[in-house]
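Here's the letter readout for the chains.
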Amino acid sequence: MTRKKLVSIIGLGYVGLPLCFHISNYYKTIGFDTDKKKIEKLVLGKDITNNFSIDDLKKKKIYFTNKSNYMKGSDIFIICVPTPINKKNKPDLRNLISACKIVAKNLKKKSTVIIESTVYPGCTENICIPILESLSGMKCNLDFFCGFSPERINPGDKFKTLTKIEKVVSGSNVYSKNLIYKFYKKFIKAKIHKATNIKVAEAAKIIENTQRDINIALINEFFKICDALNIDIYDVIKMANTKWNFMPFYPGLVGGHCISVDPYYLTYSAKKFKINAKMVLSGRYTNDNFHKYICKKIDQNLKIRNIKNKNLSILLVGFSFKENTNDVRNTGVFKIYQYYKSKGNKVDIFDPIADKTHAKNIYGINLMQKLSDKLYNLVIICVKHDKFIEKSIKKKLLSISKNAVVYDFKKLLN
Ligand SMILES: NC(=O)c1ccc[n+]([C@@H]2O[C@H](COP(=O)([O-])OP(=O)(O)OC[C@H]3O[C@@H](n4cnc5c(N)ncnc54)[C@H](O)[C@@H]3O)[C@@H](O)[C@H]2O)c1
(Lines give C-alpha, C1' and ligand atoms only; values in the text may rest on other atoms or scores of the structure.)
Protein backbone atom coordinates (compact mmCIF):
# COMPACT_ATOMS: atom_id res chain seq x y z
CA MET A 1 0.00 0.00 0.00
CA THR A 2 1.34 3.47 -0.85
CA ARG A 3 1.99 5.89 1.99
CA LYS A 4 -0.40 8.84 2.26
CA LYS A 5 1.38 12.06 1.30
CA LEU A 6 2.05 14.54 4.11
CA VAL A 7 0.92 18.07 3.26
CA SER A 8 1.73 21.16 5.33
CA ILE A 9 -0.23 24.38 4.93
CA ILE A 10 1.57 27.50 6.12
CA GLY A 11 -0.77 30.35 7.12
CA LEU A 12 -4.27 29.41 8.29
CA GLY A 13 -6.46 32.33 7.28
CA TYR A 14 -9.23 32.80 4.75
CA VAL A 15 -7.16 30.89 2.17
CA GLY A 16 -5.13 28.37 4.18
CA LEU A 17 -7.86 27.04 6.45
CA PRO A 18 -10.35 25.98 3.74
CA LEU A 19 -7.42 24.32 1.96
CA CYS A 20 -6.52 22.36 5.11
CA PHE A 21 -10.13 21.38 5.48
CA HIS A 22 -10.45 19.85 2.01
CA ILE A 23 -6.92 18.47 1.72
CA SER A 24 -7.33 16.53 4.95
CA ASN A 25 -9.92 14.29 3.22
CA TYR A 26 -7.17 12.87 1.06
CA TYR A 27 -3.79 13.55 2.65
CA LYS A 28 -2.17 13.64 6.07
CA THR A 29 -2.44 17.34 6.86
CA ILE A 30 -0.54 19.74 9.07
CA GLY A 31 -1.84 23.29 9.53
CA PHE A 32 0.94 25.61 10.62
CA ASP A 33 0.56 29.23 11.70
CA THR A 34 2.89 31.54 13.64
CA ASP A 35 -0.12 32.94 15.52
CA LYS A 36 -0.21 30.83 18.69
CA LYS A 37 -3.63 32.09 19.75
CA LYS A 38 -5.11 31.13 16.39
CA ILE A 39 -3.65 27.62 16.73
CA GLU A 40 -5.11 27.30 20.24
CA LYS A 41 -8.54 28.25 18.87
CA LEU A 42 -8.27 25.91 15.90
CA VAL A 43 -7.31 23.02 18.16
CA LEU A 44 -10.60 23.65 19.97
CA GLY A 45 -12.40 23.73 16.61
CA LYS A 46 -12.95 27.50 16.58
CA ASP A 47 -12.53 29.13 13.17
CA ILE A 48 -12.15 32.90 13.26
CA THR A 49 -12.86 33.20 9.54
CA ASN A 50 -16.39 31.89 10.22
CA ASN A 51 -16.22 29.34 7.42
CA PHE A 52 -16.48 26.17 9.46
CA SER A 53 -18.43 25.08 12.49
CA ILE A 54 -16.75 23.53 15.51
CA ASP A 55 -18.22 20.15 14.57
CA ASP A 56 -16.99 20.39 10.98
CA LEU A 57 -13.47 21.23 12.04
CA LYS A 58 -13.28 18.69 14.80
CA LYS A 59 -14.31 15.90 12.43
CA LYS A 60 -11.23 16.55 10.31
CA LYS A 61 -7.89 14.96 11.00
CA ILE A 62 -5.76 18.10 10.80
CA TYR A 63 -2.76 18.56 13.05
CA PHE A 64 -2.70 22.28 13.94
CA THR A 65 0.59 23.62 15.26
CA ASN A 66 2.77 26.68 15.62
CA LYS A 67 5.88 24.54 15.82
CA SER A 68 7.52 24.52 12.42
CA ASN A 69 9.66 21.41 12.94
CA TYR A 70 6.49 19.28 12.89
CA MET A 71 6.38 19.97 9.16
CA LYS A 72 9.69 18.18 8.60
CA GLY A 73 9.30 15.38 6.11
CA SER A 74 6.32 16.95 4.34
CA ASP A 75 5.91 15.97 0.70
CA ILE A 76 4.06 19.17 -0.13
CA PHE A 77 4.19 22.62 1.47
CA ILE A 78 1.58 25.21 0.57
CA ILE A 79 2.30 28.80 1.52
CA CYS A 80 -0.83 30.92 2.16
CA VAL A 81 0.51 33.83 4.19
CA PRO A 82 -0.61 37.46 3.74
CA THR A 83 1.04 39.59 1.07
CA PRO A 84 -0.04 43.14 1.94
CA ILE A 85 1.37 46.49 0.85
CA ASN A 86 3.36 48.95 2.94
CA LYS A 87 2.58 52.61 3.57
CA LYS A 88 4.10 53.51 0.20
CA ASN A 89 1.79 51.03 -1.57
CA LYS A 90 4.70 48.71 -2.32
CA PRO A 91 4.59 44.92 -1.80
CA ASP A 92 5.34 43.95 1.78
CA LEU A 93 6.84 40.48 1.43
CA ARG A 94 7.93 39.99 5.04
CA ASN A 95 5.42 37.22 5.80
CA LEU A 96 6.22 35.45 2.55
CA ILE A 97 9.97 35.64 3.08
CA SER A 98 9.64 34.39 6.64
CA ALA A 99 7.39 31.50 5.49
CA CYS A 100 9.91 30.52 2.79
CA LYS A 101 12.69 30.49 5.41
CA ILE A 102 10.61 28.25 7.67
CA VAL A 103 9.83 25.88 4.80
CA ALA A 104 13.48 25.82 3.67
CA LYS A 105 14.53 24.58 7.09
CA ASN A 106 12.04 21.72 6.90
CA LEU A 107 12.46 20.81 3.25
CA LYS A 108 13.38 17.27 2.31
CA LYS A 109 14.53 15.85 -0.99
CA LYS A 110 11.73 15.57 -3.57
CA SER A 111 9.38 17.89 -1.65
CA THR A 112 7.26 20.37 -3.57
CA VAL A 113 6.60 23.92 -2.42
CA ILE A 114 3.47 25.63 -3.74
CA ILE A 115 2.91 29.36 -3.28
CA GLU A 116 -0.78 30.31 -3.06
CA SER A 117 -0.21 33.81 -1.65
CA THR A 118 -0.79 36.49 -4.27
CA VAL A 119 2.51 37.88 -5.60
CA TYR A 120 3.76 39.95 -8.53
CA PRO A 121 5.03 38.17 -11.65
CA GLY A 122 8.55 36.91 -11.03
CA CYS A 123 8.32 36.84 -7.24
CA THR A 124 8.26 33.04 -6.85
CA GLU A 125 11.35 32.59 -9.02
CA ASN A 126 13.28 35.66 -7.89
CA ILE A 127 12.44 35.78 -4.18
CA CYS A 128 10.99 32.46 -2.95
CA ILE A 129 13.09 29.88 -4.79
CA PRO A 130 16.46 31.56 -3.94
CA ILE A 131 15.51 31.56 -0.23
CA LEU A 132 14.41 27.91 -0.39
CA GLU A 133 17.67 26.98 -2.12
CA SER A 134 20.07 28.94 0.03
CA LEU A 135 18.63 27.87 3.40
CA SER A 136 18.06 24.23 2.48
CA GLY A 137 21.29 23.80 0.54
CA MET A 138 19.24 22.09 -2.16
CA LYS A 139 18.61 22.98 -5.79
CA CYS A 140 15.20 23.60 -7.28
CA ASN A 141 14.25 21.04 -9.97
CA LEU A 142 17.12 18.79 -8.87
CA ASP A 143 16.38 18.21 -5.19
CA PHE A 144 12.98 19.83 -4.69
CA PHE A 145 10.24 21.41 -6.80
CA CYS A 146 8.25 24.58 -6.71
CA GLY A 147 5.08 25.98 -8.17
CA PHE A 148 2.59 28.81 -7.96
CA SER A 149 -1.15 28.27 -7.84
CA PRO A 150 -3.23 31.35 -7.10
CA GLU A 151 -6.21 31.14 -4.80
CA ARG A 152 -9.52 32.50 -6.07
CA ILE A 153 -11.68 31.92 -3.05
CA ASN A 154 -14.37 34.54 -2.51
CA PRO A 155 -15.06 34.88 1.22
CA GLY A 156 -18.76 35.04 1.98
CA ASP A 157 -19.74 33.25 -1.22
CA LYS A 158 -21.70 30.18 -0.17
CA PHE A 159 -21.94 28.78 -3.71
CA LYS A 160 -18.53 29.25 -5.29
CA THR A 161 -16.64 27.35 -2.62
CA LEU A 162 -13.03 26.17 -2.90
CA THR A 163 -13.60 22.81 -4.60
CA LYS A 164 -15.98 24.35 -7.15
CA ILE A 165 -13.61 27.09 -8.30
CA GLU A 166 -11.55 26.49 -11.43
CA LYS A 167 -7.87 26.56 -10.58
CA VAL A 168 -4.65 27.57 -12.30
CA VAL A 169 -1.46 25.64 -11.58
CA SER A 170 2.13 26.15 -12.63
CA GLY A 171 5.46 24.55 -11.85
CA SER A 172 9.19 25.12 -11.91
CA ASN A 173 9.36 22.43 -14.62
CA VAL A 174 6.97 20.13 -16.45
CA TYR A 175 7.36 17.37 -13.86
CA SER A 176 6.36 19.65 -10.95
CA LYS A 177 3.52 21.21 -12.93
CA ASN A 178 2.01 17.76 -13.54
CA LEU A 179 2.61 16.73 -9.95
CA ILE A 180 0.87 19.87 -8.64
CA TYR A 181 -1.97 19.34 -11.10
CA LYS A 182 -2.50 15.77 -9.84
CA PHE A 183 -2.32 16.92 -6.25
CA TYR A 184 -5.14 19.48 -6.64
CA LYS A 185 -7.13 17.16 -8.90
CA LYS A 186 -7.87 14.97 -5.85
CA PHE A 187 -10.06 17.57 -4.19
CA ILE A 188 -10.80 20.33 -6.72
CA LYS A 189 -13.90 19.25 -8.59
CA ALA A 190 -13.78 22.14 -11.08
CA LYS A 191 -11.45 22.36 -14.06
CA ILE A 192 -7.73 22.83 -13.42
CA HIS A 193 -5.69 24.74 -15.95
CA LYS A 194 -1.94 24.32 -16.46
CA ALA A 195 -0.24 27.68 -17.03
CA THR A 196 2.74 27.84 -19.38
CA ASN A 197 5.01 28.84 -16.52
CA ILE A 198 5.02 30.32 -13.02
CA LYS A 199 5.12 33.95 -14.17
CA VAL A 200 2.01 33.46 -16.30
CA ALA A 201 0.09 32.08 -13.30
CA GLU A 202 1.29 34.93 -11.07
CA ALA A 203 0.31 37.54 -13.66
CA ALA A 204 -3.10 35.89 -14.22
CA LYS A 205 -3.99 36.31 -10.55
CA ILE A 206 -2.92 39.94 -10.53
CA ILE A 207 -4.87 40.88 -13.64
CA GLU A 208 -8.03 39.13 -12.38
CA ASN A 209 -8.15 41.36 -9.32
CA THR A 210 -6.91 44.48 -11.09
CA GLN A 211 -9.63 44.12 -13.70
CA ARG A 212 -12.24 43.91 -10.95
CA ASP A 213 -10.82 47.00 -9.22
CA ILE A 214 -10.92 48.99 -12.45
CA ASN A 215 -14.44 47.85 -13.28
CA ILE A 216 -15.67 48.97 -9.87
CA ALA A 217 -13.76 52.25 -10.23
CA LEU A 218 -15.50 52.86 -13.54
CA ILE A 219 -18.89 52.26 -11.94
CA ASN A 220 -18.01 54.42 -8.93
CA GLU A 221 -17.15 57.23 -11.33
CA PHE A 222 -20.30 56.59 -13.33
CA PHE A 223 -22.28 56.69 -10.07
CA LYS A 224 -21.14 60.29 -9.55
CA ILE A 225 -22.16 61.18 -13.10
CA CYS A 226 -25.58 59.55 -12.65
CA ASP A 227 -26.01 61.46 -9.40
CA ALA A 228 -25.30 64.72 -11.20
CA LEU A 229 -27.74 63.77 -13.95
CA ASN A 230 -30.29 62.76 -11.34
CA ILE A 231 -30.68 59.25 -12.69
CA ASP A 232 -30.70 56.01 -10.76
CA ILE A 233 -27.56 54.01 -11.54
CA TYR A 234 -29.27 50.74 -10.63
CA ASP A 235 -31.95 51.39 -13.25
CA VAL A 236 -29.22 52.17 -15.77
CA ILE A 237 -27.25 49.02 -15.00
CA LYS A 238 -30.43 46.94 -15.23
CA MET A 239 -31.06 48.26 -18.71
CA ALA A 240 -27.42 48.05 -19.85
CA ASN A 241 -27.28 44.49 -18.59
CA THR A 242 -29.81 43.45 -21.20
CA LYS A 243 -26.95 43.61 -23.69
CA TRP A 244 -25.20 40.23 -24.04
CA ASN A 245 -21.68 41.48 -23.37
CA PHE A 246 -22.30 44.06 -20.64
CA MET A 247 -20.78 43.19 -17.25
CA PRO A 248 -22.79 44.47 -14.27
CA PHE A 249 -20.78 46.03 -11.45
CA TYR A 250 -22.22 48.14 -8.66
CA PRO A 251 -20.92 51.18 -6.77
CA GLY A 252 -19.23 50.50 -3.47
CA LEU A 253 -16.38 50.97 -1.08
CA VAL A 254 -13.41 48.83 -2.12
CA GLY A 255 -11.37 47.36 0.70
CA GLY A 256 -10.16 43.97 1.83
CA HIS A 257 -7.04 42.05 1.30
CA CYS A 258 -7.10 41.51 -2.46
CA ILE A 259 -8.85 44.03 -4.72
CA SER A 260 -7.53 47.06 -2.86
CA VAL A 261 -4.00 45.63 -2.67
CA ASP A 262 -3.17 43.43 -5.66
CA PRO A 263 -3.24 46.22 -8.30
CA TYR A 264 -0.30 47.77 -6.43
CA TYR A 265 1.65 44.53 -6.97
CA LEU A 266 1.09 45.09 -10.69
CA THR A 267 2.08 48.76 -10.62
CA TYR A 268 5.21 47.78 -8.67
CA SER A 269 6.11 45.30 -11.43
CA ALA A 270 5.39 47.91 -14.08
CA LYS A 271 7.56 50.51 -12.35
CA LYS A 272 10.55 48.16 -12.41
CA PHE A 273 10.35 48.40 -16.20
CA LYS A 274 9.72 52.15 -16.12
CA ILE A 275 6.10 51.62 -17.17
CA ASN A 276 3.66 54.03 -15.58
CA ALA A 277 0.51 51.95 -15.09
CA LYS A 278 -1.65 55.09 -15.10
CA MET A 279 -4.98 53.41 -15.62
CA VAL A 280 -4.45 50.94 -12.78
CA LEU A 281 -3.37 53.72 -10.46
CA SER A 282 -6.28 55.87 -11.50
CA GLY A 283 -8.69 53.03 -10.63
CA ARG A 284 -7.01 52.68 -7.26
CA TYR A 285 -7.29 56.42 -6.68
CA THR A 286 -10.99 56.48 -7.55
CA ASN A 287 -11.81 53.54 -5.28
CA ASP A 288 -9.54 54.63 -2.44
CA ASN A 289 -11.29 57.99 -2.35
CA PHE A 290 -14.86 56.92 -2.96
CA HIS A 291 -15.75 57.40 0.71
CA LYS A 292 -15.00 61.13 0.27
CA TYR A 293 -17.69 61.39 -2.38
CA ILE A 294 -20.20 59.65 -0.14
CA CYS A 295 -19.38 61.99 2.76
CA LYS A 296 -19.59 65.03 0.49
CA LYS A 297 -23.02 64.01 -0.78
CA ILE A 298 -24.27 63.41 2.74
CA ASP A 299 -22.88 66.74 3.93
CA GLN A 300 -24.67 68.54 1.08
CA ASN A 301 -27.84 66.76 2.09
CA LEU A 302 -27.41 67.86 5.72
CA LYS A 303 -26.75 71.43 4.63
CA ILE A 304 -29.92 71.60 2.55
CA ARG A 305 -31.84 70.57 5.68
CA ASN A 306 -29.98 73.05 7.84
CA ILE A 307 -28.51 70.26 9.95
CA LYS A 308 -25.07 70.92 11.45
CA ASN A 309 -22.50 68.19 11.00
CA LYS A 310 -21.78 68.09 14.72
CA ASN A 311 -23.23 66.34 17.76
CA LEU A 312 -25.28 64.13 15.49
CA SER A 313 -26.21 60.62 16.41
CA ILE A 314 -25.08 58.58 13.41
CA LEU A 315 -25.52 54.92 12.53
CA LEU A 316 -23.32 53.18 9.98
CA VAL A 317 -24.83 49.93 8.72
CA GLY A 318 -22.25 47.28 7.82
CA PHE A 319 -18.56 47.27 8.62
CA SER A 320 -17.03 44.31 6.69
CA PHE A 321 -14.96 45.27 3.66
CA LYS A 322 -17.73 43.80 1.48
CA GLU A 323 -21.06 42.02 1.82
CA ASN A 324 -21.46 38.65 3.55
CA THR A 325 -17.91 38.29 4.87
CA ASN A 326 -16.73 38.85 8.43
CA ASP A 327 -13.39 40.19 7.13
CA VAL A 328 -12.81 43.82 8.16
CA ARG A 329 -9.32 44.30 6.76
CA ASN A 330 -8.92 47.60 4.89
CA THR A 331 -12.64 48.27 5.17
CA GLY A 332 -13.66 51.56 3.58
CA VAL A 333 -16.38 52.00 6.20
CA PHE A 334 -13.71 52.94 8.71
CA LYS A 335 -12.86 56.01 6.63
CA ILE A 336 -16.50 57.17 6.84
CA TYR A 337 -16.49 56.48 10.57
CA GLN A 338 -13.30 58.51 11.04
CA TYR A 339 -14.67 61.44 9.07
CA TYR A 340 -17.88 61.77 11.08
CA LYS A 341 -16.10 61.15 14.37
CA SER A 342 -13.62 63.91 13.52
CA LYS A 343 -16.55 66.35 13.16
CA GLY A 344 -17.65 65.68 16.72
CA ASN A 345 -20.49 63.27 16.08
CA LYS A 346 -21.43 60.13 17.99
CA VAL A 347 -21.09 57.24 15.55
CA ASP A 348 -22.40 53.70 16.10
CA ILE A 349 -21.71 50.85 13.72
CA PHE A 350 -24.11 47.95 13.35
CA ASP A 351 -22.73 44.74 11.89
CA PRO A 352 -23.74 41.33 13.23
CA ILE A 353 -21.47 39.52 10.72
CA ALA A 354 -18.18 41.43 10.86
CA ASP A 355 -15.43 40.09 13.10
CA LYS A 356 -15.95 42.12 16.28
CA THR A 357 -12.60 41.11 17.80
CA HIS A 358 -10.71 42.34 14.74
CA ALA A 359 -12.83 45.52 14.66
CA LYS A 360 -11.77 46.16 18.24
CA ASN A 361 -8.13 45.14 17.79
CA ILE A 362 -7.48 46.84 14.45
CA TYR A 363 -9.71 49.92 14.72
CA GLY A 364 -10.61 50.21 18.41
CA ILE A 365 -14.30 50.00 17.49
CA ASN A 366 -17.01 48.18 19.44
CA LEU A 367 -19.41 46.90 16.83
CA MET A 368 -23.11 46.74 17.65
CA GLN A 369 -24.39 43.23 17.05
CA LYS A 370 -28.02 44.17 17.66
CA LEU A 371 -30.00 47.31 17.00
CA SER A 372 -31.56 49.02 19.99
CA ASP A 373 -34.54 51.39 19.92
CA LYS A 374 -32.23 54.40 19.80
CA LEU A 375 -33.23 56.90 17.12
CA TYR A 376 -30.58 58.39 14.84
CA ASN A 377 -30.17 61.69 13.00
CA LEU A 378 -28.21 60.15 10.16
CA VAL A 379 -28.16 56.54 8.90
CA ILE A 380 -25.65 55.47 6.26
CA ILE A 381 -26.00 52.09 4.59
CA CYS A 382 -22.40 51.10 3.85
CA VAL A 383 -22.47 47.34 3.23
CA LYS A 384 -25.44 45.26 2.12
CA HIS A 385 -25.09 41.88 3.85
CA ASP A 386 -27.79 39.39 2.84
CA LYS A 387 -28.73 39.28 6.51
CA PHE A 388 -29.82 42.92 6.35
CA ILE A 389 -32.50 41.98 3.85
CA GLU A 390 -34.25 39.93 6.56
CA LYS A 391 -37.65 41.47 7.31
CA SER A 392 -37.00 41.98 11.03
CA ILE A 393 -33.73 43.87 10.47
CA LYS A 394 -35.13 46.01 7.67
CA LYS A 395 -38.15 46.87 9.78
CA LYS A 396 -35.94 47.85 12.70
CA LEU A 397 -33.67 49.94 10.51
CA LEU A 398 -36.65 51.77 9.08
CA SER A 399 -38.07 52.43 12.53
CA ILE A 400 -34.85 53.80 14.07
CA SER A 401 -34.27 56.04 11.08
CA LYS A 402 -37.77 57.51 10.97
CA ASN A 403 -36.44 60.98 11.88
CA ALA A 404 -33.10 60.53 10.17
CA VAL A 405 -31.40 61.57 6.98
CA VAL A 406 -30.79 58.22 5.28
CA TYR A 407 -28.01 57.72 2.76
CA ASP A 408 -28.63 54.39 1.07
CA PHE A 409 -26.48 54.10 -2.05
CA LYS A 410 -26.59 50.28 -1.66
CA LYS A 411 -30.38 50.35 -2.06
CA LEU A 412 -31.17 48.33 1.05
CA LEU A 413 -34.16 50.23 2.35
CA ASN A 414 -35.74 51.35 -0.90
N1 LIG B 1 -8.76 36.37 1.61
C2 LIG B 1 -9.04 36.14 0.36
O3 LIG B 1 -10.17 36.19 -0.04
C4 LIG B 1 -7.97 35.78 -0.64
C5 LIG B 1 -8.37 35.29 -1.89
C6 LIG B 1 -7.39 34.94 -2.80
C7 LIG B 1 -6.05 35.11 -2.49
N8 LIG B 1 -5.68 35.62 -1.27
C9 LIG B 1 -4.27 35.73 -0.97
O10 LIG B 1 -3.91 34.66 -0.13
C11 LIG B 1 -2.93 35.07 0.83
C12 LIG B 1 -3.44 34.83 2.24
O13 LIG B 1 -4.57 35.62 2.47
P14 LIG B 1 -5.56 35.36 3.68
O15 LIG B 1 -6.72 36.24 3.43
O16 LIG B 1 -5.79 33.91 3.86
O17 LIG B 1 -4.70 35.93 4.90
P18 LIG B 1 -5.07 35.81 6.46
O19 LIG B 1 -4.50 37.00 7.10
O20 LIG B 1 -6.51 35.49 6.64
O21 LIG B 1 -4.26 34.54 6.94
C22 LIG B 1 -2.88 34.43 6.85
C23 LIG B 1 -2.34 33.67 8.03
O24 LIG B 1 -0.94 33.56 7.85
C25 LIG B 1 -0.32 33.63 9.12
N26 LIG B 1 1.09 33.96 8.93
C27 LIG B 1 1.68 35.14 8.67
N28 LIG B 1 3.00 34.98 8.51
C29 LIG B 1 3.25 33.66 8.67
C30 LIG B 1 4.42 32.88 8.61
N31 LIG B 1 5.59 33.41 8.31
N32 LIG B 1 4.32 31.55 8.82
C33 LIG B 1 3.12 30.99 9.09
N34 LIG B 1 1.98 31.68 9.17
C35 LIG B 1 2.04 33.00 8.94
C36 LIG B 1 -1.13 34.66 9.87
O37 LIG B 1 -0.99 34.49 11.25
C38 LIG B 1 -2.55 34.35 9.39
O39 LIG B 1 -3.20 33.45 10.25
C40 LIG B 1 -2.64 36.54 0.50
O41 LIG B 1 -1.56 36.61 -0.39
C42 LIG B 1 -3.91 36.99 -0.20
O43 LIG B 1 -3.68 38.08 -1.05
C44 LIG B 1 -6.63 35.93 -0.34
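About the cut-offs
- Residues numbered from 1 in each chain as written.
- Predicted model: local features only at pLDDT ≥ 70, side-chain atom pairs only at ≥ 80, totals over all residues.
- Heavy atoms only, no water.
- Domains from an automatic or database assignment.
- Contact = heavy atoms within 4.5 Å.
- Buried area = accessible area lost by both parts, 1.4 Å probe.
- Salt bridge = Lys/Arg side-chain N within 4 Å of Asp/Glu carboxyl O.
- Polar contact = N/O pair within 3.5 Å; in protein donor to acceptor, adjacent residues only side chain to side chain.
- Nonpolar A, V, L, I, M, F, W, Y, C, P; charged D, E, K, R; others polar.
- Near = heavy atom within 4 Å.
- Areas by Shrake-Rupley, 256 points an atom, 1.4 Å probe, with all protein chains shown as cover.
- Helix = DSSP H or I, 4+ residues; strand = E, 2+ residues; numbered from the N terminus.
- Pairing = 2+ DSSP bridges.
- Axes fitted to C-alpha atoms, helices over the stretch in contact; angles between N-to-C directions.

(A) A look at the domain arrangement of the chain. Taken domain by domain, the chain consists of domain 1 (6-195), domain 2 (206-287) and domain 3 (293-407). Relative placement of domain 1 and domain 3: their C-alpha centres are 36 Å apart. Of the residues lining the interface, seven residues belong to domain 1; the matching set on domain 3 comes to nine residues. Between domain 1 and domain 3, roughly 620 Å² of surface is buried when both sides are summed, and carbon and sulfur atoms account for 39% of that area. By the criterion of area lost to domain 3, the three top residues of domain 1 are Tyr-14, Ile-48 and Pro-155, representing 61% of everything that side buries. At the junction of domain 1 with domain 3, the criterion picks out zero salt bridges. At the boundary of domain 1 and domain 3, one finds three residue pairs in polar contact (both at pLDDT 80 or more). Residue composition of the side of domain 1 that touches domain 3, by class: three nonpolar, four polar and no charged.

(B) Examining the site of the ligand more closely. Around the ligand, the surrounding shell holds 27 residues, and the nearest of these are Asp-33, Lys-38, Thr-83, Ser-98 and Arg-329. Within the backbone of Val-15, one N or O atom sits 2.9 Å away from an oxygen atom of the ligand. Interatomic distance of 2.6 Å between a side-chain N/O atom of Lys-38 and an oxygen atom of the ligand. Here the ligand loses 92% of its free accessible area of 830 Å² to cover by the protein chains. Counting residues per element, the shell around the ligand draws most heavily on helix H4 (residues 94-106), which supplies three residues. Considering only residue class, the shell around the ligand consists of twelve nonpolar, nine polar and six charged.

(C) The arrangement of the sheet that holds strand E1 (residues 6-10) in detail. With parallel pairing, six strands are arranged side by side in an open sheet as E3-E2-E1-E4-E5-E6. Edge strands, defined here as strands with exactly one partner in the open sheet, are strand E3 (62-65) and strand E6 (145-148). Each strand axis lies, on average, 20 degrees off the axis of its neighbour in the sheet, ignoring direction. Summarising the sheet, strand E2 (residues 28-32) and E3 pair through four bridges and their orientation is parallel.

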